[in-house]
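Each chain is listed here by its residues.
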Amino acid sequence: MVRMSAEERRESVIRAATSEFARGGYYGTSTDAIAKRVGVSQPYLFRLFPGKKAIFLAAAERCLQDTRRVFEVASEGLHGEEALQAMAEAYTRLIDEQPERLQMQLQVYVTVAAAEAAGDHEFGEMVRKGWLDLWDAVRLPLGGDVDETTTFIAYGMLINILAGMGFPPEHRIWDGLHISTQVKRNKEEGA
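None of these values were measured; they are calculated from a predicted model. (Residues numbered from 1 in each chain as written. Predicted model: local features only at pLDDT ≥ 70, side-chain atom pairs only at ≥ 80, totals over all residues. Heavy atoms only, no water.)

Enquirer: Please give an account of the environment of Ser12 that cites residues and values.
Expert: By the secondary structure assignment, Ser12 is in helix H1 (residues 6–24). As for Ser12 and Arg37, which are separated by 25 residues in sequence, their C-alpha atoms are 9.2 Å apart. (Helix = DSSP H or I, 4+ residues; strand = E, 2+ residues; numbered from the N terminus.)

Enquirer: Mind laying out the packing of aromatic side chains, listing which residues take part and the relevant values?
Expert: Under the criterion given, the structure shown has nine aromatic pairs. For the ring pair Phe71 and Phe152, a centre distance of 5.5 Å and an interplane angle of 75 degrees mean the geometry is edge-to-face. Highlighted residues: Phe71 in helix H4 (residues 52–75) and Phe152 in helix H8 (residues 146–164), separated in sequence by 81 residues. The exposure classification of Phe71 matches that of Phe152, with both residues buried. An aromatic cluster is built from Phe21, Tyr26, Tyr27, Phe56 and Phe123, whose rings are joined through pairwise contacts. Over the face of the ring belonging to Phe49 we find Arg10, whose NZ or CZ atom lies 4.1 Å from the ring centre. Here Lys53 stacks its cationic end above the ring of Phe123, 5.4 Å away from the centre of that ring. (Phe/Tyr/Trp six-rings, centres within 6.5 Å; stacked < 30°, edge-to-face > 60°. Buried < 20%, exposed > 50% of the residue type's maximum accessible area, 1.4 Å probe, protein only. Lys NZ or Arg CZ within 6 Å of the ring centre and 35° of its normal.)

Enquirer: Can you lay out helix H6 (residues 99–117) for me, pointing to particular residues and giving the numbers?
Expert: Counted at 1.5 Å a residue, the expected span for H6 with its 19 residues is 27 Å, and the 28 Å between its end C-alpha atoms agrees. For H6, the set of buried residues is Leu102, Met104, Gln105, Gln107, Val108, Thr111, Val112 and Ala115. Of the surrounding secondary structure, the elements contacted by the buried residues of H6 are H1, H4, helix H5 (80–97), helix H7 (122–139) and H8. Of the residues one or two after H6, Gly119 is the one with positive phi, at around 90 degrees. (Expected span 1.5 Å × (residues − 1). Contact = heavy atoms within 4.5 Å.)

Enquirer: Break down the packing of H5 against H6 for me, citing the residues and quoting the values.
Expert: Relative to each other, H5 and H6 sit at 95 degrees, their axes nearing to 4 Å. As judged from the angle between their axes, H5 and H6 are roughly perpendicular. Within the contact between the two elements, H5 uses Tyr91, Leu94, Ile95, Asp96 and Glu97 and H6 uses Pro99, Arg101, Leu102 and Gln105. Considered class by class, the residues forming the contact of H5 with H6 number five nonpolar, one polar and three charged. (Axes fitted to C-alpha atoms, helices over the stretch in contact; angles between N-to-C directions. Parallel < 35°, antiparallel > 145°, perpendicular 65-115°, else oblique. Nonpolar A, V, L, I, M, F, W, Y, C, P; charged D, E, K, R; others polar.)

Enquirer: Could you give me a rundown of the nonpolar core, with the residues and numbers involved?
Expert: Val13, Phe21, Ile34, Ile55, Phe56 and Met104 are the most contacted members of the largest nonpolar core, which totals 29 residues. Contributing elements (two or more residues each) for this core: H1, helix H2 (31–38), helix H3 (42–48), H4, H6 and H7. No other element matches the eight residues that H4 contributes to this core. Ignoring anything within four residues of it in the chain, the contact list for Phe21 reads Tyr26, Thr29, Ile34, Lys52, Ile55, Phe56, Ala59, Met104 and Gln107. (Core = buried A, V, L, I, M, F, W, Y, C linked by side-chain atoms within 4.5 Å.)

And the structure:
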């Protein structure tokens, strides 16, 4: 059996923590559940991370980084409307194919809000920094247009909420979100 390095084990913990936190949230997830998922003891888990908060912060940071990379890869070499469509399609695929990514995002926002209300600003500082990086990853291919970026992010957050609530793709609630796609398709078809 090949032994994992500490860095490989840390990665394993981040992946396991993402799954556990996505399902149970910060307050509803035990470090024991994370350790069991990884196949390590809690004392070993705490050699890799000083505590549950550090594990959550690492998983939240990874979640934001991965989402940012989805936008960067999708928009590479594209600008404006082409970049916007590519990022929207890539993000839709991400949350469709890996729903725990969306669940983790939603848990991150809830945890930040709860921590901020309790006077703990560490969660919020890290998440706000990661979110600004994500914002810039969208803003740059859109030519730095703040209005376009705001609209894209706002639609994305609405999509997050609707998907998180479990509205199926064919539900009428999605109709308004598809208008821009329908208008674009009609223009391309000459209708």
